[in-house]
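Structural features, examined
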Amino acid sequence: MTITVSTAGAASDAVARVLPALIEERLASRLFDGDSTLWGEAAIDESSKRLAWTKAHEVSRPLVADILALRDELRSAGVNRIVLCGMGGSSLAPEVITRTAGVELVVLDSTDPAQVSAVVGERLPETAVVVSSKSGSTVETDSQRRTFAKAFADAGIDPASRIIIVTDPGSPLEESSRAAGHPVFLADPQVGGRFSALTAFGLVPSGLAGVDIEALLDDAAAVAEVLSHDSDENPGLVLGAAIAGGEPVKTYLGILESGSGIVGFGDWAEQLIAESTGKEGTGLLPVVLDGNSPEIGSTIPDLQLVRLVANASQQPALGDEISVSGPLAAQFLLWEVATAVAGRILGINPFDQPDVESAKVAARALLDEMPEPAAAAFDEDGIAVRGTERVVAGRTSVAQAIDALLAELPEHGFVAIQAYADRTRLGELAELRDLIAHRARRPVTFGWGPRFLHSTGQFHKGGPKLGVFLQIITAEQGDLEIPERPFTFGTLIRAQADGDAQVLEGHGRPVLQLELQNPESSASTLKSLLAAV
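Here goes a summary of the coordinates provided. (Residues numbered from 1 in each chain as written. Predicted model: local features only at pLDDT ≥ 70, side-chain atom pairs only at ≥ 80, totals over all residues. Heavy atoms only, no water.)

Focus on the overall build of the protein
- Regarding its fold elements, the protein presents 22 helices and 16 strands.
- Relative to the globule expectation of 24 Å for 533 residues, the C-alpha radius of gyration of the protein, 22 Å, shows essentially globular dimensions.
- Dimensions of the protein, computed from the C-alpha atoms along their principal axes, are close to 60 × 55 × 40 Å.
- Counting the 533 residues in the protein, one finds 61% classified as buried.
- Of the roughly 19000 Å² of accessible surface on the protein, a fraction of 49% belongs to carbon and sulfur atoms.
- Charged side chains in the protein number 41 positive and 72 negative. The centres of these two groups are separated by 1 Å. (Helix = DSSP H or I, 4+ residues; strand = E, 2+ residues; numbered from the N terminus. Rg over C-alpha atoms; globule rule 2.2 N^0.38 Å. Buried < 20%, exposed > 50% of the residue type's maximum accessible area, 1.4 Å probe, protein only. Areas by Shrake-Rupley, 256 points an atom, 1.4 Å probe, with all protein chains shown as cover. Lys, Arg positive; Asp, Glu negative; His and termini not counted. Charge placed at Lys NZ, Arg CZ, Asp CG, Glu CD.)

In structure tokens form, the structure reads like this:
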């Protein structure tokens, strides 16, 4: 089955408005030829080093045999549990691939001490760990790698036999890992992290977990030719035009799974689109929805709904919507092309992320200084409340503070809920998204911290100034040391939360921080409070 994009109403109007120009300027063929001039003079340097994803289905073929050989070697040694330590582009694609294939992969993309402890402490003799980092210096994955290495050594297991490295050539992680005897897979350095689904970052953990990765590459290869044609039949051009060609552009992209069989695609697309386009005061913000989400059926004129369906030819778009169908790997390439096209239409460079580093810098400064947390404005039922002065000043309840935060919501704004918590144990926090959406009547996103910092974090700071931010953090009863580091996982995740809040407030974004003093009980208290609100 090929990929199909169907548009209706306003989405069709957007396509009619900009598609002829995209064809005339040969955008598709130039993209697949690696033309770095497509996004303007200022983007040439970065884009010239970031376009190899268009050929990833070809370049990645030689990796397959080595991945499958290692998988067989691990299985023969009794290893049947694969853990992936990675953030953002290094973890989101493998998570979608394995969930869609029905294959177990444990994704550790958190610095929450309780979540890290639980993953490290489970079935260690049967476990192999993939550590994925383009730069080789990502603080989250470095901390996780150190913790697993110590755990394996303490259990009498050689860490080099169980920790597999995926990184870019020449990174510090490559050099140290080879010296220590770890298996090392090198990714294509000409591919950015969020475009790396069909490189070593997507293929190694998925293949080791048991996915047919050769079939993935086949599916992508089958659609590459049509995506490179300068034609009104090119689904990549059509999708890019539909999501970015409106007048005005619809800021919010509601992504809804409607029978495609692809599991968790919205989380991957969220990073790809938000981080690629959310800059210079513009951008597109994906909002991951389900069939019961309050946004569906509401009158939100700046929300563009996209449904992933089993067959868009038989389930064409209605109203103002977009319908998309096709195999997972084909859709990876489709949406990457559409994102590059959207960057061209919006007049931005889709391959940089200028505002992501600011939160990292703030977190590092807090780790160096180790300041005491700011005093809470007040406490209620085990929830400590902090935040922007105009949100918390004079308030005496969580309900009042949430009222104040939502009062800051611009006419065309959105609410971002950011949960720095153990998502395996406190997954119910995600239910807060619908509760707030019912109240706000505006698009609401939900992200687990710190992984969203590598995803929507760019849009939050570099995109249009439209967001208000509800930050939820937890005071876990136990902490976890990071070997050979002067800070713990508990201090790391707190620094990441506080650092991001500082940067958001510095950009004039309102922030409300709710700290759950006893996560197990105060999470249910918070849900009750928000339901009442």
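Description of the pattern of salt bridges
- Within this structure, the stated rule accounts for 38 salt bridges.
- Put simply, Glu476 and Arg425 hold a salt bridge, and the shortest N to O gap is 3.1 Å. Note that Glu476 is positioned in the loop between strand 15 (467–474) and helix 21 (489–506) and Arg425 in the loop between strand 13 (414–420) and helix 19 (432–440), a separation of 51 residues in sequence.
- With relative accessibility at 32%, the residue Arg425 sits in the partly exposed group.
- Asp500 is the salt-bridge partner of Lys461, the closest N and O atoms lying 2.8 Å from each other. You can see Lys461 sitting in helix 20 (residues 457–462) and its partner Asp500 sitting in helix 21, a full 39 residues away along the chain. For the pair shown, Lys461 and Asp500 are each scored as buried.
- In the salt-bridge network here, residues are joined through shared partners; they are Glu95, Asp109, Asp267, Arg423 and Arg451. (Salt bridge = Lys/Arg side-chain N within 4 Å of Asp/Glu carboxyl O.)

A closer look at the packing of aromatic side chains
- Applying the stated rule across the entire model yields 13 aromatic pairs.
- Each ring, one from Trp39 and one from Phe351, has its centre 5.0 Å from the other, and the planes form 90°; the classification is edge-to-face. You can see Trp39 sitting in the loop between helix 2 (27–32) and helix 3 (44–47) and its partner Phe351 sitting in the loop between helix 15 (328–346) and helix 16 (356–369), a full 312 residues away along the chain.
- Accessibility expressed as a relative area gives 9% for Trp39, which makes it buried.
- Taken together through their ring pairs, the aromatic side chains of Trp39, Trp53, Phe195 and Phe351 make up a single cluster. (Phe/Tyr/Trp six-rings, centres within 6.5 Å; stacked < 30°, edge-to-face > 60°.)

Details of the nonpolar core
- Judged by nonpolar contacts, the single largest core of 92 residues is most densely connected at Trp53, Trp268 and Trp335.
- Take this core: its biggest share by element is 13 residues, from helix 15.
- Apart from the residues lying within four places of it in its own chain, the contact partners of Trp268 are Leu92, Ala93, Val96, Arg194, Ala197, Phe332, Trp335 and Glu336. (Core = buried A, V, L, I, M, F, W, Y, C linked by side-chain atoms within 4.5 Å. Contact = heavy atoms within 4.5 Å.)

A few points about the side chain of Ser132
- Mapped onto the elements, Ser132 comes out in strand 4 (residues 127–133).
- For Ser132, the contacting residues outside a window of four places in its chain are Leu84, Cys85, Gly86, Ser90, Thr141, Val166 and Phe201.

Some words on unusual backbone geometry
- With an omega of 0°, the peptide bond running from Glu247 to Pro248 counts as cis.
- Residue Pro450 is bonded to the preceding Gly449 through a cis peptide linkage, with omega at 5°.
- One can find Pro450 in the loop between strand 14 (444–448) and helix 20.
- In this structure, Met370 takes a positive phi of about 50° despite not being glycine.
- Within the secondary structure layout, Met370 lies in the loop between helix 16 and strand 11 (378–380).

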